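The primary structure of each chain is shown beneath.
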Amino acid sequence: MFSYRYFKPIQTKCRPSASKTVRTFCKKAVSEPKKQYDVIIIGGGHNGLVAAGYLAKAGAKVCVLERRYLLGGAAVTEEIIPGFKFSRASYLLSLLRPQIYEDLKLKENGLKVYHRHPSSYTPIRESLWCSPHARSLTLGRDSSQNSKEIAKFSRKDAEIFPKYEELLERLVKALEPVMDVSPHSFMEMLDKPSIWNRAICAWSNHDLKLLATNILKLGRDMRPLYEFMTASPHSILSHWFESEPLRATLATDALIGTSACTTTPGVGYVLLHHVMGGVDGVRGAWAYPEGGMGAVSNSIAKAAQCHGAEIYTNQMVTGVKLDSRGRVQGVVTSAGLEVQASLVLSNATLSATLALLPPASLSPDILQAVQAIDYESPVTKINVAVSRLPDFIADRNIRPNQVMPHHQATIHLNCENCGLVDEAYDDYQKGVLPARPMIEMVIPSSVDPTLAPAGGHVVLLFTQFTPYTLTGGRVWDTMVREEYAQIVFDCIEEYAPGFKGSVIGKEVLSPPDLEQIFGLTGGNIFHGAMTAKQLFLNRPLPWGAASPYTAVQGLLLCGAGAHPGGGVCGAPGRLAALEAAKLLQLSSL
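Residues numbered from 1 in each chain as written. Predicted model: local features only at pLDDT ≥ 70, side-chain atom pairs only at ≥ 80, totals over all residues. Heavy atoms only, no water.

### Describing the overall build of the chain
For clarity, the cut-off: What counts as a helix is a DSSP run of H or I of at least four residues, what counts as a strand is a run of E of at least two, and both are numbered from the N terminus. Computation of the radius of gyration draws on C-alpha atoms, with the globule rule given as 2.2 Å multiplied by the number of residues to the power 0.38. Only protein chains enter the accessibility calculation, which uses a 1.4 Å probe. A residue is then buried if its area is under 20% of the maximum for its type, exposed if over 50%, and partly exposed in between. We call two residues contacting when some pair of their heavy atoms lies within 4.5 Å.
If you tally the helices and strands in the chain, you get 19 helices and 21 strands. Against the globule reference of 25 Å for 589 residues, the chain gives a C-alpha radius of gyration of 23 Å, in line with a compact fold. In terms of principal-axis extent, the alpha carbons of the chain reach across some 70 × 60 × 50 Å. Evaluated residue by residue, the chain yields a buried proportion of 59% over its 589 residues. Taking all contacts inside the chain whose residues are at least 6 apart in sequence as the whole, residues at least 24 apart take part in 73%.

### Things to note about empty space enclosed by the protein
For the record, the criterion: In this analysis the probe radius is 1.4 Å and the grid spacing 1 Å, with only protein atoms considered; a cavity is a set of points the probe fits into but cannot get out of, a pocket is an open set with protein on both sides within 12 Å along at least five of seven lines, and lining residues have an atom within 4 Å of a point. Grid points are joined across faces, edges and corners, and a volume is the space filled by probe spheres set on the points. In the scheme used here, Gly and all other residues not listed as nonpolar or charged are polar, with Ala, Val, Leu, Ile, Met, Phe, Trp, Tyr, Cys and Pro taken as nonpolar and Asp, Glu, Lys and Arg as charged.
Summed over the entire model, instances satisfying the criterion amount to two cavities of 30 Å³ or more. In terms of lining, the largest cavity is formed by Ile373, Tyr375, His527, Gly528, Gln534, Arg539, Pro540 and Gly561. Class assignment for the residues of the lining of the largest cavity results in three nonpolar, four polar and one charged. If you go around the second largest cavity, the residues you meet are Ser87, Tyr91, Tyr288, Pro289, Gly292, Pro444 and Leu451.

### So, the pattern of salt bridges
Put simply, the rule reads: Within this document, salt bridges are pairs made up of a side-chain nitrogen of Lys or Arg and a carboxyl oxygen of Asp or Glu, the two lying within 4 Å of each other.
This model, assessed by the stated rule, comprises 25 salt bridges. Asp180 is the partner of Arg97 in a salt bridge, and the nearest nitrogen-oxygen pair spans 2.9 Å. Of this pair, Arg97 sits in the loop between β5 (84-87) and α2 (98-103) while Asp180 sits in the loop between α4 (155-175) and α5 (183-190), placing them 83 residues apart in sequence. Among the residues examined, Arg97 registers a relative accessible area of 3% and is labelled buried. Notably, a salt bridge pairs Glu176 with Arg283, separated by 3.0 Å at the nearest N-O pair. Of this pair, Glu176 sits in the loop between α4 and α5 while Arg283 sits in strand β10 (residues 282-283); the two residues are 107 residues apart in sequence, bridging distant segments of the chain.

### Regarding the confidence of the model for the chain
Defined as follows: Across the chain, each position has a pLDDT score giving the predictor's confidence in that residue, from 0 to 100.
Looking at the chain as a whole, its pLDDT mean stands at 91, while 95% of the residues score no less than 70. For residues 1-29, every residue scores under 50 in pLDDT, and the model assigns this stretch 83 contacts once sequence neighbours within four places are set aside.

### Observations concerning the packing of helix α3 (residues 143-151) against α4
Where we set the bar: Fitting a line to C-alpha atoms yields each axis, with helices limited to the stretch in contact; the angle taken between N-to-C directions then spans 0 to 180 degrees. The labels follow the angle: roughly parallel below 35 degrees, roughly antiparallel above 145, roughly perpendicular from 65 to 115, and oblique for the rest. Whether a crossing is left-handed or right-handed is set by the direction in which the near helix is turned from the far one by less than a right angle, anticlockwise for left-handed and clockwise for right-handed.
One way to put it is that α3 packs onto α4 with a least axis distance of 7 Å and a crossing angle of 140°. Relative to α4, the element α3 lies oblique. Note on packing geometry: the crossing formed by α3 with α4 is right-handed. Across from Asn146, Ser147, Ile150 and Ala151 in α3, the residues of α4 making contact are Arg155, Asp157, Ala158, Phe161 and Glu165.

### Details of the nonpolar core
Just so we agree on the cut-off: Nonpolar cores are built from buried Ala, Val, Leu, Ile, Met, Phe, Trp, Tyr and Cys residues. Side-chain atoms within 4.5 Å join them into one set.
Counting residues in each nonpolar core, the largest one holds 42 residues, and the members touching the most others are Ile41, Leu55, Val62, Leu93, Leu106, Val296 and Leu345. At the level of elements, β2 (36-42), α1 (46-57), β3 (62-65), α2, α12 (294-306), β15 (338-346) and α19 (571-583) are the ones that each hand at least two residues to this core. Discounting chain neighbours no more than four positions away, the residues touching Ile41 are Gly48, Ala51, Ala52, Val62, Cys63, Val64, Leu65, Leu345 and Cys558.

### Examining the side chain of His407
Operational definition: For this analysis, a polar contact is any N or O atom pair within 3.5 Å, provided that within protein one partner can donate a hydrogen and the other can accept it, and provided that sequence-adjacent residues contribute only side-chain to side-chain pairs.
Looking at where His407 falls in the secondary structure, it is placed in the loop between β16 (379-386) and β17 (410-413). Here His407 falls in the buried class, since its relative accessible area comes to 0%. Within the structure, His407 has its side chain in polar contact with the backbone oxygen of Pro390 (distance 2.8 Å). Once you skip the residues sitting within four places of it in the chain, His407 turns out to touch Leu389, Pro390, Phe392, Asn397, Gln402, Ile443 and Ser446.

### Overview of helix α7 (residues 206-217)
Residues separated by three or four positions in an α-helix point in the same direction, a consequence of the helix having 3.6 residues per turn. The condition that has to hold: Multiplying 1.5 Å by the residue count of a helix minus one yields the expected span of that helix. It is the directions from the helix axis to the C-beta atoms whose arc is reported.
End to end, α7 covers 16 Å across twelve residues, agreeing with the expected 16 Å (1.5 Å per residue, within 8%). Every buried residue belonging to α7 is among Asp207, Leu208, Leu211 and Asn214, and all of these are buried. End-on, the buried residues of α7 take up no more than an arc of 135°, which puts them together on one face. Away from the buried face of α7 by more than 90 degrees, exposed residues His206, Leu216 and Lys217 are located.

### Focus: the environment of Pro467
Of note, Pro467 is situated in the loop between β19 (457-464) and α16 (478-495). The spatial distance from the C-alpha of Pro467 to the C-alpha of Gln429 is 7.8 Å, given a sequence separation of 38 residues. Other than its neighbours up to four places away in sequence, Pro467 contacts Tyr428, Gly431, Val432, Trp476 and Pro511.

### Points about the packing of α4 against α7
Interhelical geometry of α4 versus α7 gives an angle of 150° and a closest axis separation of 8 Å. One finds that α4 runs roughly antiparallel with respect to α7. Mapping the contact onto sequence places Lys173, Ala174 and Leu175 in α4 and Leu211, Asn214 and Ile215 in α7. Of the residues belonging to the contact of α4 with α7, the class tally is four nonpolar, one polar and one charged.

### Concerning α5
All of the buried residues along α5 are Pro183, His184, Ser185, Phe186 and Met189. Buried residues belonging to α5 abut α6 (195-204), α7 and α19.

### Points about unusual backbone geometry
With an omega of 0°, the peptide bond between His117 and Pro118 qualifies as cis. Of note in the backbone geometry, Asn314 takes a positive phi value of approximately 55° without being a glycine. In this model, His527 sits at a positive phi of 60°, which is unusual for a non-glycine residue. Relative to the elements of secondary structure, His527 occurs in the loop between α18 (511-518) and β21 (555-557). Residue His527 is classed as buried on the basis of its relative accessible area of 12%.

### A short note on the pairing of β16
What counts is decided by this rule: Two strands form a pair only when DSSP identifies at least two bridges running between them.
Most of β16 sits out of view: eight of its eight residues are buried. Burial along β16 is two-sided: Val379, Lys381, Asn383 and Ala385 facing one way and Thr380, Ile382, Val384 and Val386 facing the other are all buried. As paired strands, β16 and β19 are joined by eight bridges and run antiparallel to one another. Bridge pairing in β19 places Val379 opposite Gln464. Taken together, the six bridges between β16 and strand β20 (residues 503-509) define a ladder with antiparallel strand orientation. Residue Ala385 lies in a different strand from β20, and its bridge partner there is Gly505.

Here it is, written out as structure tokens:
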């Protein structure tokens, strides 16, 4: 048997006193918000901080109100287990838009990253070894090494994989500008009275022009793009590959955070979304921020405060005030503080945002549309402190606790074939805990020594598929969290014997926990599913005001529920800031 400490999901380190401004940044701290600002931002998640940075830089008087004791929303670092610092929710950096790095000077404001080599590692359970050599699949940026790895399972796949990557590169290059296009601006173009006027409008907008040009350049690649947007991951990948470990590993990128299996059509965009990023100019690269994901949020907050934004923690917004015309007037906090502003930007989900409005301020049609948003989530995050590195049977450690290249990668478990992934989804559909969850393991302390004491490591487990509501009246209490943790640990033990004995402490964050702690409606990490019916002009709603605008004048959405969606990309915050700057007639943005 092994021993460990169990930590409840809502436990954290001691919290600063209420109404305390974050004091590690440039601006002089004050005790509480003023009575009047140009813009109030609800929530200090990374998108809200990005919006604050851009607007403050443009000269607006900006106030950020965060309900928790620290900034970052889901991009935070917390010392849940003494001595071990966790990226408690989001855990990797890639999607953050390159112009945000530059415009807000994030590196100058303290952001440092560690690149990963390789990027993906899929060990095969010993009982499923097909040959002495085909024990694992490791993928990275070295194309020749990728070919050698894939050839262990299929020479045909090894030959065709570079062509698949080249296609993805072309599709991503064509689609990437959509990340920086405001749906509102797009709708303004469509509302022009003639085709000629629309063409002039599109050509005068840099991002729309780039998007249109790239789409026209696709040519015959339009067909595979359509396939990615409409077909199932299994269908797409089976068209290319015959090796199950390769297909299952690649399929996970389409399923992350999504209540779908490999045969579900229309979820292929998530796969493209996850390869649209890059770090330090390296397209598709993923990295670990030094100090965890909270370091990303802190660097953005520092930039915002250096431009004059005021940021307050422990300030829960409980209401959005409207004037007699139904226009935003300001907000009210849980402490009864009333703060006025011309605009309010919300980093919360649309559902949570509109719940702050006075009763009867929205039409029944809007309320019905909001209720129809798919917030379903299959994700449970498990944060684990261990006394030593996992030792995988497929690729043994050279020496005990020595970091191997695959420890830096995203480690895919229970991904030997697509059937295993789909079986976990079948359990999810039945409302029961999966017997073999889809597991993504990352060990950021393998490259970042600031996260754990000497010899120890931080292991982050992103797992699927776990129902928000369990059958038989079961709820996510301590007993169920413990049961699920043991299921996950037992699976890991098959790949890396001794893992259970290395566990020092853990935290299990079920879908209800993710909702409660981070304000993620339904526990959905994307603020709403990123399926075809909830993207671009349909995000957050398929009609009415286009993102980032809402049905309420002066209330904009700047979180992941707005276009282009989830992940630590900052684009929703930037696009909301650009629209807010127009409303405020700020010329410098």
